[in-house]
Amino acid sequence: MEFLVEFTLQVPAGTPQSEVRERQRAESAAAAKLADDGQLVRLWRVPVDDRAAAVGLYRAESKAQLDAVLSDLPLADWLRVTVKVLEPHPNDPSRAPRLTRVFRLEATLGEALDLGDTARGRRRIVPLTGGTFAGPELEGRLVPGASADWQIVLADGTALGDIRYTLETDDGAFLYVQARSVRHGSAEVLA
């Protein structure tokens, strides 16, 4: 779970400066350890009049665990603390899907088999007759006879692809891959 924690420091009147400095050094060391442990993610200073204030982003298994962490801070008895539980937002950019390159396939194509018009468009099957693939963690060859692009070609020339192919890695493992595609362009480019 993630928590937004707001701190306001209130040093008791009459506290010796040597004690303030010692506690602040200890607080700095405690914050560094919490960061190393992954519990303190970020920390910001907030300008508030003449008082010291901060906002931190913390991670903990539960609010009770976070409360225990905060109560162990060297400045705990001088801090006014407000904790807010954070929940994921659907528009959070960090939740957006990300693509990771797995491999690059270079394939040779056979002659397209034109099956004619259907209710959805013109059906074509384009065999993938060979090729190789390579990526950061695997490489190998395309298995001919077990790979093709089943296409529906629309009236404007747009091809909707259902590409299914079988790969064999260099260590003998077989992978079945299916991808969908849309190919569109001017008649000259598509030719």
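See above for the structure.
Residues numbered from 1 in each chain as written. Predicted model: local features only at pLDDT ≥ 70, side-chain atom pairs only at ≥ 80, totals over all residues. Heavy atoms only, no water.

Comments concerning the nonpolar core
In terms of nonpolar packing, the biggest core is built from 18 residues, with Val5, Phe7, Tyr58, Leu66 and Leu70 touching the most fellow members. Elements with a contribution of two residues or more to this core: strand E1 (2–9), helix H1 (17–36), strand E3 (51–59) and helix H2 (63–71). Per element, the largest residue contribution to this core is 4 residues, and it comes from E1. The contact partners of leucine 70, leaving out residues within four places of it in the chain, are Val5, Phe7, Tyr58, Ala76, Val81 and Val83. In this structure, Phe133, Tyr165, Leu167 and Val177 belong to the second largest nonpolar core, which totals 7 residues. (Core = buried A, V, L, I, M, F, W, Y, C linked by side-chain atoms within 4.5 Å. Buried < 20%, exposed > 50% of the residue type's maximum accessible area, 1.4 Å probe, protein only. Helix = DSSP H or I, 4+ residues; strand = E, 2+ residues; numbered from the N terminus. Contact = heavy atoms within 4.5 Å.)

Some thoughts on the side chain of threonine 158
Within the fold, threonine 158 resides in the loop between strand E9 (148–153) and strand E10 (159–169). Here the side chain of threonine 158 touches histidine 184 through a polar contact of 2.6 Å, side chain to side chain. Ignoring anything within four residues of it in the chain, the contact list for threonine 158 reads Ile152, Val153, Val182, Arg183 and His184. (Polar contact = N/O pair within 3.5 Å; in protein donor to acceptor, adjacent residues only side chain to side chain.)

Here's the deal with H2
Those residues of H2 that sit buried are Leu66, Val69 and Leu70. Projection of H2 onto a plane perpendicular to its axis shows the buried side chains occupying an angular sector of 95 degrees, all on one side. (Arc of directions from axis to C-beta.)

Section: the environment of aspartate 149
In this structure, aspartate 149 sits in strand E9. With 11 residues separating them in the primary sequence, aspartate 149 and leucine 160 have C-alpha atoms 9.5 Å apart. Contact partners of aspartate 149, with chain neighbours within four places excluded, come to Arg124, Ile125, Val126, Leu128, Gly161, Asp162 and Ile163. Here the side chain of aspartate 149 touches glutamine 151 through a polar contact of 3.0 Å, side chain to side chain.

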